[in-house]
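Spelled out, the chains give:
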Amino acid sequence: MPELPEVETMCRGIAPLVGRKIVAAGRLPCQRRPIAVTPGPAGWKSRVVGQKIDRIDRVGKRVVIVLSNQERIVFEPRMTGLVLMAEPPSIEHLRFHVDVSTRKEPLQLRFWDRRGLGSVRLYSAQEFESAFQSGKIGPDALAVSPAQLKECFAGCRQSIKPALLDQKRLAGVGNLYASELLFSAGVHPAIRCHRLTDKQWKAIHKTMLKVLRTAIRYEGSTLGDGTYRNALNKAGGYQNKHRVYNREGLPCPVCTTPIQRFVQTQRATFYCPNCQADALGQLEEPTSWES
DNA sequence: CGTTCAACCTGGGCGC
DNA sequence: TGCGCCCAGGTTGAAC
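Keep in mind that this is a model prediction, so the values were computed, not measured.

Trainee: Any details on the overall build of chain A? Residues and values, ideally.
Mentor: Along the backbone of chain A there are seven helices and 11 strands. The C-alpha atoms of chain A give a radius of gyration of 20 Å, which matches the 19 Å a tight globule of 291 residues would have. The principal-axis extent of the C-alpha atoms belonging to chain A is close to 60 × 35 × 30 Å. Out of the 291 residues in chain A, the part that is buried amounts to 50%. For chain A, the share of sequence-separated contacts (at least 6 apart) that also reach a separation of at least 24 residues comes to 66%. Accessible surface for chain A amounts to roughly 13500 Å². Of this, 48% is attributable to carbon and sulfur atoms. Put simply, chain A has 43 plus and 26 minus side-chain charges, and the middle of one group is 2 Å from the middle of the other.

Trainee: Just give me the short version of the packing of helix α1 (residues 4–13) against helix α7 (residues 198–217), but keep the residues and values in it.
Mentor: Closest axis-to-axis distance for the α1/α7 pair is 9 Å, and the angle between their directions is 40 degrees. Compared by their axis directions, α1 and α7 come out oblique. In the crossing of α1 with α7, the sense of the turn from one axis to the other is right-handed. On α7, the residues that touch L4, P5, E8, T9 and R12 of α1 are L212, A215 and I216. Grouping the amino acids of the contact of α1 with α7 by side-chain chemistry returns five nonpolar, one polar and two charged.

Trainee: If you had to explain the nonpolar core to someone new, which residues and values would you point to?
Mentor: Within soluble globular proteins, side chains that are nonpolar tend to cluster in buried spots. Among the nonpolar cores identified, the biggest contains 41 residues, and F153, I160, L164, L170, V173, I204 and M208 are the most heavily contacted of them. Mapped by element, the contributors of at least two residues to this core are α4 (146–152), α5 (160–164), α6 (175–185), α7 and β11 (267–271). Apart from residues no more than four positions distant in its own chain, I204 is found in contact with L149, I160, L181, L182, A185, V187 and L196.

Trainee: Describe in detail the protein's contact with DNA strand B, supporting the description with residues and values.
Mentor: In the vicinity of DNA strand B, the contacting residues are R32, R33, H93, R114, R115, L117, Q158 and Q266. The sugar-phosphate portion of DNA strand B accounts for 61% of its atoms within 4 Å of the protein, the bases making up the rest. One nitrogen or oxygen atom from the side chain of R114 is found 2.9 Å from a sugar or linking oxygen belonging to DNA strand B. In the model, a base oxygen of DNA strand B is placed 2.6 Å from a nitrogen or oxygen of the R115 side chain. Residue classes in the surface near DNA strand B are distributed as one nonpolar, three polar and four charged.

Trainee: Pulling in residues and values, what's your account of a positive patch on the surface?
Mentor: On the surface, a cluster of positive charge is made up of K206, K210, R217, K241 and R243. Tracing the backbone through its elements, the reader meets K210 in helix α7. Judged by its relative accessible area of 60%, K210 falls in the exposed class.

Trainee: Quick one: what's the story with the protein's contact with DNA strand C, residue by residue and with numbers?
Mentor: What surrounds DNA strand C is a group of 18 residues, the closest being M1, L223, D225, R261 and R267. Here a base nitrogen of DNA strand C and a side-chain polar atom of R115 are 3.2 Å apart.

The rules behind each value
Residues numbered from 1 in each chain as written. Chains lettered and ligands numbered in written order. Predicted model: local features only at pLDDT ≥ 70, side-chain atom pairs only at ≥ 80, totals over all residues. Heavy atoms only, no water. Helix = DSSP H or I, 4+ residues; strand = E, 2+ residues; numbered from the N terminus. Rg over C-alpha atoms; globule rule 2.2 N^0.38 Å. Buried < 20%, exposed > 50% of the residue type's maximum accessible area, 1.4 Å probe, protein only. Contact = heavy atoms within 4.5 Å. Areas by Shrake-Rupley, 256 points an atom, 1.4 Å probe, with all protein chains shown as cover. Lys, Arg positive; Asp, Glu negative; His and termini not counted. Charge placed at Lys NZ, Arg CZ, Asp CG, Glu CD. Axes fitted to C-alpha atoms, helices over the stretch in contact; angles between N-to-C directions. Parallel < 35°, antiparallel > 145°, perpendicular 65-115°, else oblique. Left-handed = near helix turned anticlockwise from the far one by under 90°. Nonpolar A, V, L, I, M, F, W, Y, C, P; charged D, E, K, R; others polar. Core = buried A, V, L, I, M, F, W, Y, C linked by side-chain atoms within 4.5 Å. Near = heavy atom within 4 Å. Polar contact = N/O pair within 3.5 Å; in protein donor to acceptor, adjacent residues only side chain to side chain. Patch = residues over 30% accessible without salt bridge, like charges linked within 9 Å, V, L, I, M, F, W, Y side chains within 5 Å. Salt bridge = Lys/Arg side-chain N within 4 Å of Asp/Glu carboxyl O.

Below you can see the structure in the form of structure tokens.
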């Protein structure tokens, strides 16, 4: 679930931890398969306890805790992981925690993950540098200029929607926001990158920033299963603003044409066949993306 | 090299 | 009520 807006909300939610000192860290006993923690919990204590939290960064869809010794704790929520300071939705899915000291009362930083596809990893400064250097992950979706955005997809012949999900090209956009931003840009999700006009790239850039920033303001999207929560275990609000995602058959908010759903590289895509029509004839294979 | 697909997991929703 | 199947915000690595 968590895409850029949700992960950004997690980062902002745990900002009160900055400047405080870690007093304990470890994987909690869990009846489920334990979350992937690298290195093993035993190796954590000597490297983490006593360190101050200098800063909290976001790298694409990951939360990065920067410690005073320059090591990094990286939370990768994947589909259902949550970074919490509040009580978790259910205790049996709580798989990792860090206790952080404070003058008044202790705070806890927890990683909760229902499906357990996420991970927690501790990196040395050097390991972090090489793991997230350019080439391994693209520039952040909120930080690119229109020209840089186009450059991210230079030479790409893939359809735009699945291409937007490629974190090596551009970091942060996921399945939900890809559909939403292409709708706002009026661009058909199956048009191949190399056929997009400069005007369309500019529209994609503009609507990408707008959609992501607005979603951050609403603290992300909590879908029907209610899994996504901010750091204080509160649901987001952007799901009420979705214009095409999960709205198959419902009227387009602009033209009332029924929203359509189809599958691209195993992921659901939602779009309006009227607002995102192939007006410029850029779809070379008109039937390949159907059904 | 690009793309396709199964796999990693849990649980909600649906049809029968 | 229950069972089986399909679906889900992401990512990886193997197989074409």
